[in-house]
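Coordinate analysis (summary)
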Amino acid sequence: MTAYMDHKDLANETVDSQRAGKISDGVHRVLDGIAEAESAAGRDAGSVKLLAATKTRDVGEIMAAIDAGVRMIGENRPQEIQAKAEGLRRLCAQRGFALGRDDAVGSGAAAAAEERADMVHIPFHVIGQLQANKIGKVLPVVDTIESVDSLLSAERLSRRAVARGITVGVLLEVNESGEKTKSGCSPASAVELAGQIGVLDGLELQGLMTIGANVEDEKKVREGFAHLRRTRDQILSSAEPGTSSCKELSMGMTHDMAAAVAEGSTVVRMGTAIFGERAFI
Ligand SMILES: *Cc1c(COP(=O)(O)O)cnc(C)c1O
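Here the structure is a predicted model, which is why all the values come from computation and not from measurement.

Describing the side chain of Glu61
Tracing the chain through its elements places Glu61 in helix α3 (residues 59-67). Judged by relative accessible area, Glu61 falls into the buried class, the value being 6%. Within polar-contact distance, the side chain of Glu61 engages the side chain of Arg19 at 2.7 Å. In this view, Glu61 contacts Lys8, Val15, Arg19, Ile23, Thr56 and Phe275; residues no more than four positions away in its chain are not counted.

Focus: unusual backbone geometry
Of note in the backbone geometry, Thr56 takes a positive phi value of approximately 70° without being a glycine. Position of Thr56 among the secondary structure elements: in the loop between β1 (49-53) and α3. Even without glycine at this site, Ala239 takes up a positive phi of about 55°. Mapped onto the elements of the fold, Ala239 is located in the loop between α9 (218-238) and β9 (248-250).

Let's talk about helix α7 (residues 151-164)
For an α-helix the count is 3.6 residues per turn, leaving residues at separations of three or four pointing the same way. For α7, which comprises 14 residues, the first-to-last C-alpha distance of 20 Å matches the rise-based estimate of 20 Å (1.5 Å per residue) to within 8%. Of the residues making up α7, those classed as buried are Ser153, Ala154, Leu157, Ser158 and Ala161. Projected onto a plane normal to the axis of α7, the buried residues spread over an arc of 140° and lie on a single side. The exposed residues of α7 that point more than 90 degrees off its buried face are Arg159 and Ala163. In this fold, the buried residues of α7 make contact with α6 (135-138), β6 (144-148), β7 (168-173), α8 (190-198) and β8 (203-209). After α7 finishes, the residue Gly165 shows a positive phi value of roughly 70°.

Digging into the environment of His7
On the secondary structure map, His7 appears in helix α1 (residues 4-7). By relative accessible area, which is 62% here, His7 ends up exposed. Sequence separation between His7 and Leu99 is 92 residues; the distance between their C-alpha atoms is 26 Å.

Topic: the UniProt feature "modified residue: N6-(pyridoxal phosphate)lysine" (unreviewed entry) in the chain
UniProt marks Lys55 with the feature "modified residue: N6-(pyridoxal phosphate)lysine" (unreviewed entry), using the numbering shown here. Following the sequence through the fold, Lys55 ends up in the loop between β1 and α3. A relative accessible area of 16% places Lys55 in the buried class. Those residues in contact with Lys55 that sit more than four places away from it in its chain are Gly74, Glu75, Asn76, Arg77, Glu80, Lys84 and Arg278.

Brief notes about the site of the ligand
Contacts to the ligand come from Ala53, Lys55, Asn76, Ile127, Ile211, Met253, Thr254, Arg269, Met270, Gly271, Thr272 and Arg278. Thr272 is positioned such that a nitrogen or oxygen atom in its side chain is 2.6 Å from an oxygen atom of the ligand. Between Arg278 and the ligand, the recorded distance is 2.9 Å, taken from a side-chain N or O atom to an oxygen atom. For the ligand, whose free accessible area comes to 390 Å², the fraction covered by protein is 91%.

Here's the deal with the environment of Ala259
Along the chain, the position of Ala259 falls in helix α10 (residues 257-262). Along the backbone, Ala259 and Glu218 are 41 residues apart, and their C-alpha atoms lie at a distance of 7.6 Å. The residues touching Ala259, leaving out its near neighbours within four places in the chain, are Glu218, Arg222 and Phe225.

Examining the packing of α8 against α9
Where α8 contacts α9, the two axes come as close as 10 Å, and the packing angle between them is 45°. In terms of orientation, α8 lies oblique with respect to α9. The handedness of the crossing between α8 and α9 is right-handed. Facing α8, whose interface residues are Ala190, Val191 and Ala194, α9 presents Thr231, Gln234 and Ile235. Tallied by class, the residues present in the contact of α8 with α9 amount to four nonpolar, two polar and no charged.

Some details on the pattern of salt bridges
Per the counting criterion, the structure on display carries 13 salt bridges. A salt bridge links Glu80 to Lys84; the nearest nitrogen and oxygen atoms lie 2.6 Å apart. Residue Glu80 and its partner Lys84 are both found in helix α4 (residues 78-94); the two are separated by four residues, about one turn of the helix. Of the two residues, Glu80 and Lys84, neither departs from the other in class, the shared state being buried. The salt bridge involving Arg222 is made with Glu263; its shortest N-O contact spans 2.9 Å.

How each quantity is defined
Residues numbered from 1 in each chain as written. Predicted model: local features only at pLDDT ≥ 70, side-chain atom pairs only at ≥ 80, totals over all residues. Heavy atoms only, no water. Helix = DSSP H or I, 4+ residues; strand = E, 2+ residues; numbered from the N terminus. Buried < 20%, exposed > 50% of the residue type's maximum accessible area, 1.4 Å probe, protein only. Polar contact = N/O pair within 3.5 Å; in protein donor to acceptor, adjacent residues only side chain to side chain. Contact = heavy atoms within 4.5 Å. Expected span 1.5 Å × (residues − 1). Arc of directions from axis to C-beta. UniProt positions renumbered as here; feature names shortened; annotations may be inferred. Near = heavy atom within 4 Å. Areas by Shrake-Rupley, 256 points an atom, 1.4 Å probe, with all protein chains shown as cover. Axes fitted to C-alpha atoms, helices over the stretch in contact; angles between N-to-C directions. Parallel < 35°, antiparallel > 145°, perpendicular 65-115°, else oblique. Left-handed = near helix turned anticlockwise from the far one by under 90°. Nonpolar A, V, L, I, M, F, W, Y, C, P; charged D, E, K, R; others polar. Salt bridge = Lys/Arg side-chain N within 4 Å of Asp/Glu carboxyl O.

Set out below in structure tokens:
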């Protein structure tokens, strides 16, 4: 499983200046592209946040992106989070950034929490499917799980969050394209599921997430994004308990960012445009 992890030391912290420069150029290009898409869609500058999708990238590459202006990251696999979290947190702290969640316990915890309160927070999200037996590994590190797509998985997360005495952010993932290879709940069940998830203890339903249809036809891709936006609006106007925070629309990747921004995305998840093609999947 995940054979690429045998080929690449994900905890590596050093990048040469050429690679760092390429990543920095990528970040600036992406931020410019988002600003252009916001403007073309008549949306306010800064209304769309950039999440760097960091799967297969090592600590040094991710820090180069943070040094160039990335302020939110997302990982797909718990194994990668485990391999990178310690290095990322330490290097972020050196720069005055508090990455993700830090449930410090024991002596010095209060002082550490106070110190973090003064730092700029860099949210750390899970954007891939999370197996039940991996929940315990990621909860101490991440703020938000974007890939919750069933009541069962939300209930599991809820129990673990309550046991830790924390509140974890969740996005409901919706399979707007209906492609069999994609996870996510059916669009028809999203509103009801959101109401059920919203009331679970230990969770804050922060919005919806989708992966755009894998087709050439931009109209089709946009339809899916537009439907996710209408679903979000329907959830908010339902005024069901626990749904008032369901505001985020995490949609748009390297190849369909502009379409997603045009349809109301609040978070775009970009990997390739920042770091280049992935050598591993
Ligand atoms: C990899 C990934 C992205 C980023 O994809 P790119 O095409 O590299 O921009 C976004 N969302 C999810 C869920 C991903 O797994």
